[in-house]
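# Descriptive structure summary
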Amino acid sequence: MTQSTTVPGEARGLPRIGVDHPLAIAAAVAISFVGNAVVMGMPLMVGAWADFLHFDEQQVGWLASADLGGMFLASLATAALVSRLNRRHLALFGILVAIAGNLLSTQYHDVGPLVAARLLAGFGGGICYSTGIACLAITHKTGRNFSIMMFGLVAINAIELYTIPYLTGAWGIDGIFLAFCVAFALCLAVIPFLYPHTPADAEKVPGERQADTAPRLPRLLPWCCLLAVSCFYITIGSFWAFIERAGVDAGLGDAFIANVLTLGNVFTLAGCVAAVWLSRRAGQSRVLMAALVGMAGVLLLLAVEISATTFVIGTFGFCIAWLFTDIFQLGTLSHIDASGRYAALVPAAQGLAQTAAPAIAGFLLARELGYGAVMMLGAAGSLAALCLYAFVYARLRRLVPEMADAE
């Protein structure tokens, strides 16, 4: 991949920015975590819909799916257009759509219109998130840059979970939507620093590699990785949307739940350093599979019983396993496909599962199967992802052993 050192607009006084310029990376990270903010704040948003608007489990499941469904549709659209259009224009469009959707959410509190407004808001946020991922996927040090993105996501998530109770206490549920509007408006400042176009030589796919020392990798491998991402995000979409409600159902206090969710995310900041340390010693694939085993384990624990102790253990274990899995999923795809094309499809794979998972979980709860069934659904998603990554790892061990155990 040849790094371009300038971008259109330099004559108007904008800085010289290439794909690996720190400002370009920072801008991509910023729009990524703001675009993904609705996912990170989902547990307390679901609680606010139930507490302030008195929606039942099935209704909040549809609302959560509307947000996540909008992100899924945006991911597909962005993956199709990101190589053809100016990424700054895509990000601007996404920001404006997200602001419009969140403003409309403050005006309509009936479930039907609110579902439509949340679908619009999710679509705008999804464009921002997918564009940010696509910008990071064309950089040369993708592993480092995706780790930076995850560190930012965790830090912002902790702030978000800490502030949402204060926002709802002061302005009700509209406080959440207005805060999203402000966050997206602030992202307007970083748009000029995004790398605008896909480099001309970034269109290679695994089957087109011509390296003399390594065999061609089958296209099945990146597609298996994307399917594994979807399976894993069945876990995320079901657990993360309803963990706050599960804690309330178990008799835990609102302040306790909010503090545990916040501290769990702060705890995972240390995981960013641990992830790098472990990958250097065991390789990304092994740590990824171990994280999935841990994720399934903590969810099965919560399926048996939710108490103050298991809630803390489950939340902390979930957060650290989520961080490890997300970093190494992106890293695995980056090793298999240096063009970044498949990594740019990760938000679509995430969105597909995140759209379905809350609705399925809401269906289980509406049938009075309890939150244990939701935890079992999440554990099944992680175990399915584990099987897929084990298959990918076995194929890589046979074809390119050094790639299978790469950092």
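Residues numbered from 1 in each chain as written. Predicted model: local features only at pLDDT ≥ 70, side-chain atom pairs only at ≥ 80, totals over all residues. Heavy atoms only, no water.

Each helix and strand counted, the protein chain has 15 helices and zero strands in total. Here the protein chain, with 407 residues, has 58% of them falling under the buried criterion. The contacts in the protein chain between residues at least 6 apart in sequence include a share of 83% that link residues at least 24 apart. Counting only carbon and sulfur atoms, one obtains 67% of the accessible surface of the protein chain, whose full area is about 15,700 Å². (Helix = DSSP H or I, 4+ residues; strand = E, 2+ residues; numbered from the N terminus. Buried < 20%, exposed > 50% of the residue type's maximum accessible area, 1.4 Å probe, protein only. Contact = heavy atoms within 4.5 Å. Areas by Shrake-Rupley, 256 points an atom, 1.4 Å probe, with all protein chains shown as cover.)

Once that is clear, we can look at the environment of Leu 383. Along the chain, the position of Leu 383 falls in helix α14 (residues 371-399). Separated by 151 residues in the primary sequence, Leu 383 and Phe 232 place their C-alpha atoms 8.2 Å from one another.

Helices that pack against each other are described as a pair by the angle of their axes relative to one another and the distance between those axes. Close contact between helix α3 (residues 42-53) and helix α4 (residues 57-81) brings their axes to 10 Å; oriented N to C, the two are set at 135°. In this view, α3 runs oblique relative to α4, as classed from their interaxial angle. Every pair of crossing elements has a handedness; the one defined by α3 and α4 is right-handed. Between α3 and α4, the residues in contact are Met 42, Met 45, Val 46, Trp 49 and Ala 50 and Val 60, Leu 63, Ala 64, Asp 67 and Leu 68, respectively. Residues of the contact of α3 with α4, tallied by class, amount to nine nonpolar, no polar and one charged. (Axes fitted to C-alpha atoms, helices over the stretch in contact; angles between N-to-C directions. Parallel < 35°, antiparallel > 145°, perpendicular 65-115°, else oblique. Left-handed = near helix turned anticlockwise from the far one by under 90°. Nonpolar A, V, L, I, M, F, W, Y, C, P; charged D, E, K, R; others polar.)

So, about the nonpolar core. Core analysis: the biggest nonpolar cluster contains 119 residues, and Met 42, Trp 49, Met 149, Trp 240 and Trp 322 have the highest contact counts within it. With 17 residues, the top contributor of residues to this core is helix α9 (residues 220-249). Of the domains in this structure, domain 1 (22-198) and domain 2 (219-405) are the two that each give at least three residues to this core. Not counting chain neighbours up to four residues away, the residues in contact with Trp 240 comprise Val 39, Met 40, Met 42, Pro 43, Asn 157, Leu 161, Thr 235, Leu 261, Asn 265, Phe 318 and Trp 322. Ranked by size, the runner-up nonpolar core spans five residues in total, among them Ala 74, Leu 90, Ile 127 and Ala 134. (Core = buried A, V, L, I, M, F, W, Y, C linked by side-chain atoms within 4.5 Å. Domains from an automatic or database assignment.)

Our focus in this paragraph is α9. Between its first and last C-alpha, α9 extends 43 Å over 30 residues, near the 44 Å set by a 1.5 Å rise per residue. Largest kink in α9: about 50°, centred on Ile 243. Within α9, 25 of the 30 residues are buried, leaving the element largely enclosed by the surrounding structure. Of the residues one or two after α9, Gly 251 is the one with positive phi, at around 90°. (Expected span 1.5 Å × (residues − 1). Bend = angle between axes of the 7 residues up to and from the residue.)

Close contact between α9 and helix α11 (residues 284-304) brings their axes to 12 Å; oriented N to C, the two are set at 35°. Considering the relative orientation of α9 and α11, their crossing is left-handed. Contacts between α9 and α11 pair Phe 232, Thr 235, Ile 236 and Phe 239 from the former with Leu 292, Met 295, Leu 299 and Leu 302 from the latter. Residues belonging to the contact of α9 with α11 are distributed by class as follows: seven nonpolar, one polar and no charged.

The end-to-end C-alpha distance of α3 is 15 Å, a good match for the 16 Å that 12 residues give at a rise of 1.5 Å each. The buried fraction of α3 amounts to 10 of the 12 residues, a majority that puts the element mostly inside the structure. Listed as buried for α3 are Met 42, Pro 43, Leu 44, Met 45, Val 46, Gly 47, Ala 48, Trp 49, Ala 50 and Leu 53. Looking one or two residues beyond α3, the residue adopting positive phi is His 54, at roughly 60°.

When pLDDT is averaged across the protein chain, the result is 81; 85% of the residues are at 70 or more. Mean pLDDT across the elements of the protein chain bottoms out in helix α15 (residues 401-404) (68) and peaks in helix α5 (residues 87-105) (94). For residues 1-15, every residue scores under 50 in pLDDT, and the model assigns this stretch 34 contacts once sequence neighbours within four places are set aside. A low-confidence stretch, residues 201-214 stays under pLDDT 50, and its non-local contacts, those more than four residues away or across chains, total 30 contacts. (pLDDT = per-residue confidence, 0-100.)

Let's shift gears to the packing of aromatic side chains. According to the stated counting rule, one finds four aromatic pairs in the structure shown. The interplanar angle of 80° and the centroid separation of 5.6 Å between the aromatic rings of Phe 232 and Tyr 233 together place this pair among those described as edge-to-face. The pair Phe 232 / Tyr 233 is uniform in exposure class, with both members buried. Arranged with centres 4.0 Å apart and planes meeting at 25°, the rings of Phe 239 and Phe 318 form a pair that is stacked. Of the two residues, Phe 239 sits in helix α9 while Phe 318 sits in helix α12 (residues 308-336), which places them 79 residues apart along the sequence. Here Phe 239 falls in the buried class, since its relative accessible area comes to 1%. One aromatic cluster is present, formed by Phe 239, Phe 318 and Trp 322 through successive ring pairs. (Phe/Tyr/Trp six-rings, centres within 6.5 Å; stacked < 30°, edge-to-face > 60°.)

The next thing to look at is unusual backbone geometry. Phi is positive for His 54, close to 60°, though the residue is something other than glycine. Tracing the chain through its elements places His 54 in the loop between α3 and α4. Taking the relative accessible area as the measure of exposure, His 54 reaches 64% and is therefore exposed. A positive phi is found at Glu 368, a non-glycine position, where the angle reads about 60°. The residue Glu 368 is located in the loop between α13 (346-366) and α14 in this model. Of the residues examined, Glu 368 reaches a relative accessible area of 75% and is grouped as exposed.

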